[in-house]
Every structure is written in structure tokens, then in C-alpha cells.
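This is what each chain is made of:
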Amino acid sequence: TLLAIESFADDALLIQHACEALGALSIENPQNRESIYRQGGIRAVARAMKDHAMHEGVQVGALSLFQYMTQEAQYARHLGSEGIDRVLAAMRNFETTIIHEQGCLMLCNMAIQDDYKDTIRSMGGIRMIVSAMRLLEDSSFVQKSGCRALDSLSVNDPSKVTIAASGGISAILSAMRNHDSMA
């Protein structure tokens with residue numbers, strides 16, 4: 001799969017399916033996540049996201065993988081600010097539920113790492129999360145993911161100020177009102 005990503009870098013549909021396969025292989029399988037990491041999968045998929053920034057399928061497949069990979073600190077650190085930039089670009093380029101849900105989950109996972117809270121804030125991640133919650137207010141998945149991400153980011157004062165200034169408080173309260181079964 002990684003060889004396909006590198007060998008057929010211009011074939012967006014093949015890249016999409018390769019990213020989806022890697023994402024599926026990483027679910028609840030630490031050995032596969034380690035193998036993906038050791039074989040350069042994180043960098044290859046991040047590069048594919050950049051090369052195919054306007055191909056929604058590639059973005060969805062890549063975010064699926066990164067959502068699972070960033071659950072572990074070592075892989076989140078390897079993805080770093082480049083990964084944050086890629087997820088924010090995908091969220092800016094597409095208004096679909098799946099991209100915003102996975103994007104919020106990945107930002108939540110990255111925010112658990114203290115090193116990335118300020119990076120997410122300074123790169124506009126908090127504003128993007130709040131924007132996603134407003135854009136897709138009927139999606140309970142986006143609302144849950146957005147609330148989780150804002151919760152993870154709200155541990156320092158600069159982030160709390162940005163969350164409030166971005167309309168995060170009203171977005172959270174709106175999510176609670178509109179999706180009372182999730183509260």
C-alpha cells in the first residue's frame with residue numbers, strides 16, 4: 001500500500017484507496033500502526049494530502065488514518081505541525097461532515113499532546129473547529145468531535161480566550177440544545 005502511494009503518486013483514486021486501506025489496517029491494531037510508522041506511512045500520506053489537496057477522497061482516507069494514528073503520542077509527534085496544517089487545509093477546502101468530524105477528532109488527539117495546543121491555536125484550529133460546529137450543526141458526529149476537541153484545547157488561558165472569542169461557548173451550548181441526547 002505504501003509502495004503504491006509512492007509509485008503512483010499522481011493517481012488520486014489509487015491514493016484514496018491506499019489511504020483508506022491503511023486507515024482500516026490501523027483500527028485497534030497497534031502492530032499495524034507501528035508498521036505504518038516504521039515504513040514511512042505518516043510522511044507518505046501527509047505528502048499525498050498536500051499533492052491532492054482538492055481531492056476529497058484522498059483527504060477522507062488520509063484523515064481516517066491520521067485519526068487513529070494520532071491516538072498515540074509517538075505518532076502524533078511525528079505528524080506534528082505539518083499534520084495540523086494538512087487537516088486544517090482539508091477542513092477549509094471541504095464542507096463535508098466526514099472531513100470535519102475526522103478533522104476535529106484528529107485535532108482533539110493532537111491537542112492531548114501539550115506540545116500542540118498552542119500550535120493548533122496559532123494555526124487557526126480553534127476557529128476552524130467552531131466554524132465546523134456552526135456549519136454542520138445538524139451533525140451530532142461533528143458536534144461531539146468539536147466539543148471533544150475544544151475540551152482538549154481548553155486547558156490553557158490563551159486557548160480559553162480564543163475559544164470564547166471565536167464563539168466556542170455558544171457553539172457548545174447550541175450543540176447541547178440541538179443534540180440533547182448527547183449531553
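Refer to the structure printed above.
Residues numbered from 1 in each chain as written. Predicted model: local features only at pLDDT ≥ 70, side-chain atom pairs only at ≥ 80, totals over all residues. Heavy atoms only, no water.

S.K.: Hey, could you run me through the pattern of salt bridges in this one?
M.R.: Inspection of every chain in the model, using the stated rule, returns six salt bridges. Measuring nitrogen to oxygen at the nearest pair gives 3.5 Å for the salt bridge that ties Arg-38 to Glu-34. Residue Arg-38 and its partner Glu-34 are both found in helix H3 (residues 30-38); the two are separated by four residues, about one turn of the helix. Residue classification places Arg-38 among the exposed positions, given a relative accessible area of 58%. Of the charged contacts in the structure, one is a salt bridge between Glu-82 and Arg-86, with a shortest N-O distance of 3.0 Å. In this pair, Glu-82 and Arg-86 both sit in helix H6 (residues 73-93), four residues apart, roughly one turn of the helix. On the basis of relative accessible area, Glu-82 is assigned to the partly exposed category, the value being 30%. Among the ionic contacts, a cluster of salt bridges with common partners joins Arg-43, Glu-82, Asp-85 and Arg-86. (Salt bridge = Lys/Arg side-chain N within 4 Å of Asp/Glu carboxyl O. Helix = DSSP H or I, 4+ residues; strand = E, 2+ residues; numbered from the N terminus. Buried < 20%, exposed > 50% of the residue type's maximum accessible area, 1.4 Å probe, protein only.)

S.K.: I tried to follow the environment of Gln-102 on my own but got confused; where do I start?
M.R.: Mapped onto the elements of the fold, Gln-102 is located in helix H7 (residues 97-112). Along the backbone, Gln-102 and Gly-146 are 44 residues apart, and their C-alpha atoms lie at a distance of 9.8 Å. The residues touching Gln-102, leaving out its near neighbours within four places in the chain, are Val-60, Leu-63, Ser-64 and Gln-67. (Contact = heavy atoms within 4.5 Å.)

S.K.: Which parts of the structure should I look at to understand the nonpolar core?
M.R.: Buried together is how nonpolar side chains tend to be arranged in soluble globular proteins. Residues Ile-5, Val-45, Phe-66, Met-91, Leu-107, Ile-120 and Ile-129 are the most contacted members of the largest nonpolar core, which totals 53 residues. In terms of residue count, H6 provides more of this core than any other element does, eight residues in total. (Core = buried A, V, L, I, M, F, W, Y, C linked by side-chain atoms within 4.5 Å.)

S.K.: Looking at this model, I keep getting lost on the side chain of Thr-70. Mind explaining?
M.R.: With respect to the element layout, Thr-70 can be found in the loop between helix H5 (56-69) and H6. Side-chain polar atoms of Thr-70 contact the side chain of Asn-109, separated by 3.1 Å. Beyond its immediate stretch of four places on either side in the chain, Thr-70 contacts Ala-76, Leu-79, Met-106, Asn-109 and Met-110. (Polar contact = N/O pair within 3.5 Å; in protein donor to acceptor, adjacent residues only side chain to side chain.)

S.K.: Would you mind going over the packing of H3 against H6 with me for this structure?
M.R.: For any two helices packed against each other, one specifies the inter-axial angle together with the distance between the axes. Where H3 meets H6, the axes come as close as 11 Å, and the angle between the chain directions of the two elements is 25°. Classified by the angle their axes make, H3 and H6 are roughly parallel. H6 is crossed by H3, and the crossing has left-handed handedness. Contact residues: Pro-30, Arg-33, Glu-34 and Tyr-37 in H3; Gln-74, Tyr-75 and His-78 in H6. (Axes fitted to C-alpha atoms, helices over the stretch in contact; angles between N-to-C directions. Parallel < 35°, antiparallel > 145°, perpendicular 65-115°, else oblique. Left-handed = near helix turned anticlockwise from the far one by under 90°.)

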